[in-house]
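Here are the chains, one letter per residue:
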Amino acid sequence: MSTILFELGCEELPPKSLKPLRDAMQASVIEQLNEFNISFDSIKAFAAPRRLALQIQGISDKQPDRMEQKRGPAIKAAFDADGNPTRAAMGFAKGLGIDASELVTINTDKGDYVGYEQTIHGQATTELLPTIFQAALDNLPIAKRMRTGASRDEFVRPVQWTVLMQDDAVIDATIQGHQTSNQTRGHRFHSPDYHNIAHANDYEELLTDLKVVADFDKRQTMIKNQVKALADEVNADAIVPQDLLDEVTALVDYPIALRASFEPRFLQVPQEALISTMQADQKYFCLTDKAGKLQPYFIFITNIESKDPNQIIEGNEKVVRPRLADAEFFFLQDQKQPLFALTESLKTRVFQDKLGTIWEKSERIAKLAAFIATLMQQQDRDISVDETVRAAMLSKADLASSLVGEYPELQGIAGTYYARLNDEPEAVATSLQEQYLPKFSGDILPQTQIGICLALADRLDTLVGIFAIDQAPTGSKDPFSLRRSAIGILRILIEKQLPINLVALVEQAIKGYSTSDGSKITKMGDTFTQVMAFLNSRYRAMYTEQGVSVDTIQAVQAINPHMPLDFDQRIRAVQAFSELPQASMLADSNKRVANILAKSEITVADNVDEALLSEAAEQNLYQAVQQAQEAVEPLLEQADYTQILQTLASLDGPLTQFFDNVMVNSDDAALKNNRLALLKQVRALFLTVADISELQL
């Protein structure tokens, strides 16, 4: 058992790709070692700006030997009557390079055959490793590779050195066009020369002495701890997004965190704009107070242990000032006119060629949002239709602002700031930001009633319009993010407890495209059908992500509820029902009932003739059904689906006895039809909640 060290040294690797490259290389090497049956105790991956490395501890020196069996012709064909090898046996032996006398008998289930067993000696690990590492590099997820000079070898960045060692010895090989050695390089500035690695186990410690923290995770922990310490000094919290943290970690070998400041006057600018420019352009960590308000500080990570950190701090303050000044300029420039005035330019900005301008979209959103607000008023929600319309007409105004033009991610956010400066009602101002929620899976939902209306109306308008012009998502392509929008609609209606029918919403959205000049939608019926089918199909994606079983979703989808809140209540009821001890038997019985009714060649009656119930088992089932119908009726009015299914669980015994003792397909047509009617009533009871026959319990 020994230690293997592999290191690929190159020019600075793409920071956003460094962590994925490290993980992919490690995964590939592990997979190949397993394929070659090479055992090892542990493997550790390293990744720094100028290197990718692997250290494999306790690796076996060679593959294990294995016995290989070659099977030839059947015994009957291999030897003649005198026991001499035939031409078939001799040909088989010759092909293996052995004498026929060395053949053995192999017993199988299909008969006896001649064969040969030989020991295959495993290859030395050192012979296999160069191929393994090169294959791992070749398979890295690199979008575009480059060549260096006249070399034919390709990689994401020019390669400068390679290390491949077993303990204290170099494994002679050529990887990425470079001869392997035991020489690595340290920090580009603090220790730029080549240094010998005495032993593969010394790698991490040596690089630390050379001012390189090779362990990506360790480097990241250092950054987090330093940032927190500097933030604590000014009683602030640092904003540390994971993707930014990963990128910064990939940019430095030896992280040193420093805190700088900027003029407090910039805090009048929307803090989202300041944060955006400092994070995206400068890779800074911004600081907020405990209430989340931006503070005039930022923390940056330098890759140099400077003797005069103040010079570096002043340099970064000098660099960030113009960027903050730009954001301030755009913010002040936009305030020279009220927010509503910006909507004028939306009349010439195209939303989609066939669907008109952004102004026209705003008008459609206003009509649909007003419709939703009216429905919410009927549910005793505190919402103003007039304010909802006002918010809708302002909803896209900030798209014409200078601030959003420079920082597109501030759409909605900028509108909220400008609306407040224009003394718009707070409900209107807040909704401008909330209209875009949720932005991603698991994101927060709009909190205000008007925000809910805008979020629903905006998504429904886009959904209907894009389907109407035959641009529905196909495969993995979804340029308008319709799948995400559809799930957003369902989530809002469910989680905000809005008992609103999707049919009404989609119909109203389609009507919004009708104007005095005609309709932009030519096939309204087809559009309605397609949009409804698309929305219904999103239930499966949404609920499977929550851990709901597919058969539970299918059971509810089978009865096609049009109200998402109602759909969700049925899902929860079926989940609870599935936990009952009677659930499996009732699911099977429902399948049987459904099959019997489906095969019926007559129109089954709705009512049961009690006088024709001749068997005790069918009489008992009829009585149980009558009692269940009486119990279910008030529960159905309350949409208490969980209690309905728990009530129907009492049909388990009578239904089982019915199938055990009663012949449904009786020769007597009247009895047969009456029994089918009884089963139809059983089926109808369960279908008030879901199609239980879909459950796989």
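The text that follows walks through the structure, step by step, so that each part is easy to find. All of these numbers come straight from a predicted model, not from anything done at the bench. (Residues numbered from 1 in each chain as written. Predicted model: local features only at pLDDT ≥ 70, side-chain atom pairs only at ≥ 80, totals over all residues. Heavy atoms only, no water.)

It is worth spelling out the overall build of the protein chain at this point. Counting its regular elements, the protein chain contains 25 helices and 22 strands. Taking 2.2 N^0.38 as the reference for a compact globule, 697 residues should give roughly 26 Å; the C-alpha atoms of the protein chain span a radius of gyration of 36 Å, well beyond that estimate. Its C-alpha atoms give the protein chain principal-axis dimensions of roughly 105 × 95 × 50 Å. For the protein chain, the residues scored as buried account for 48% of the 697 residues in total. Sequence-distant contacts in the protein chain: of pairs separated by 6 or more residues, those separated by 24 or more amount to 69%. Of the charged side chains in the protein chain, 67 are positive and 95 negative, and the gap between their average positions amounts to 6 Å. (Helix = DSSP H or I, 4+ residues; strand = E, 2+ residues; numbered from the N terminus. Rg over C-alpha atoms; globule rule 2.2 N^0.38 Å. Buried < 20%, exposed > 50% of the residue type's maximum accessible area, 1.4 Å probe, protein only. Contact = heavy atoms within 4.5 Å. Lys, Arg positive; Asp, Glu negative; His and termini not counted. Charge placed at Lys NZ, Arg CZ, Asp CG, Glu CD.)

On any regular strand, side chains alternate: one points to one face of the sheet, the next to the other face. Pairing of strand S4 (residues 66-74) with strand S6 (residues 111-120), which is carried by seven bridges, proceeds in the antiparallel orientation. Paired with Lys70 across the strands is Tyr116, a residue of S6. For strand S5 (residues 104-108) and S6, the ladder comprises five bridges, and the chain directions are antiparallel. Across the sheet, the residue bridging to Thr108 is Gly111, located in S6. Linking two consecutive strands that pair antiparallel, namely S5 and S6, is a turn of two residues. (Pairing = 2+ DSSP bridges.)

Moving on: the environment of Gly58. With respect to the helices, strands and loops of the structure, Gly58 is situated in strand S3 (residues 51-59). Sequence-distant contacts of Gly58, that is, excluding residues within four places in its chain, are made with Met1, Ser2, Ser39, Phe40 and Asp41.

By volume, the largest pocket amounts to about 650 Å³. Taken together, 20 residues line the largest pocket, and the ones lying closest to its centre are Gln411, Tyr436, Asp458, Phe480 and Arg484. Of all the secondary-structure elements, those providing two or more residues to the lining of the largest pocket are helix H10 (358-378), helix H15 (449-468) and helix H16 (482-495). Considering every element that reaches the lining of the largest pocket, the biggest residue donor is H15, with three residues. Residues that form the lining of the largest pocket fall into these classes: eight nonpolar, five polar and seven charged. Of the volumes computed, that of the second largest pocket is approximately 320 Å³. Taken together, Ile239, Pro241, Gln271, Glu272, Ile275, Ser276, Gln279, Glu409, Leu410, Ile413, Lys439 and Phe440 make up the full set of residues lining the second largest pocket. (1 Å grid on protein atoms, 1.4 Å probe; cavity = no way out; pocket = protein on both sides within 12 Å on 5 of 7 lines; lining within 4 Å. Points joined across faces, edges and corners; volume = space filled by probe spheres on them. Nonpolar A, V, L, I, M, F, W, Y, C, P; charged D, E, K, R; others polar.)

Moving on to the packing of aromatic side chains. In this structure the tally under the stated criterion is 13 aromatic pairs. Ring plane angle 85 degrees and centroid distance 6.2 Å describe the contact between Trp161 and Tyr194, whose orientation is recorded as edge-to-face. With a gap of 33 residues between them, Trp161 in strand S9 (residues 159-166) and Tyr194 in strand S14 (residues 194-196) connect regions that are remote in the sequence. The exposure class assigned to Trp161 is buried, which follows from its relative accessible area of 3%. Given a relative accessible area of 39%, Tyr194 falls into the partly exposed group. Arranged with centres 5.6 Å apart and planes meeting at 75 degrees, the rings of Phe658 and Phe659 form a pair that is edge-to-face. For Phe659, a relative accessible area of 10% corresponds to the buried category. Site record: aromatic cluster; members linked through ring pairs are Tyr284, Phe298 and Phe300. The side chain of Arg265 reaches across the aromatic face of Phe266, ending 4.2 Å from its centre. (Phe/Tyr/Trp six-rings, centres within 6.5 Å; stacked < 30°, edge-to-face > 60°. Lys NZ or Arg CZ within 6 Å of the ring centre and 35° of its normal.)

Reading across the sheet, the four strands line up as S15-S17-S18-S16 and stay open at both edges, with antiparallel pairing between neighbours. A single partner strand is all that each edge strand has here, and the edge strands are strand S15 (237-238) and strand S16 (256-261). Bridge analysis of S15 against strand S17 (residues 285-288) gives two bridges, and the strand direction is antiparallel. Of the residues in S17, the one forming a bridge with Asp237 is Thr288. Contacts between helix H6 (residues 216-233) and the sheet are confined to S15, S16, S17 and strand S18 (294-302), with S16 contributing the most and set at about 30 degrees to the helix. (Axes fitted to C-alpha atoms, helices over the stretch in contact; angles between N-to-C directions.)

The subject of this paragraph is the nonpolar core. Counting residues in hydrophobic clusters, the biggest one holds 139 residues, and the most contacted among them are Met278, Ile372, Leu403, Leu502, Tyr543, Leu645 and Leu648. The greatest single-element share of this core, amounting to 13 residues, is contributed by H15. Ignoring any residue separated from it by four or fewer positions in sequence, one finds Leu502 in contact with Ile489, Leu490, Leu493, Met532, Leu535, Tyr539, His562 and Pro564. Among the nonpolar cores identified, the runner-up in size contains 35 residues, and Ile56, Ile132, Phe216 and Ala250 belong to it. (Core = buried A, V, L, I, M, F, W, Y, C linked by side-chain atoms within 4.5 Å.)

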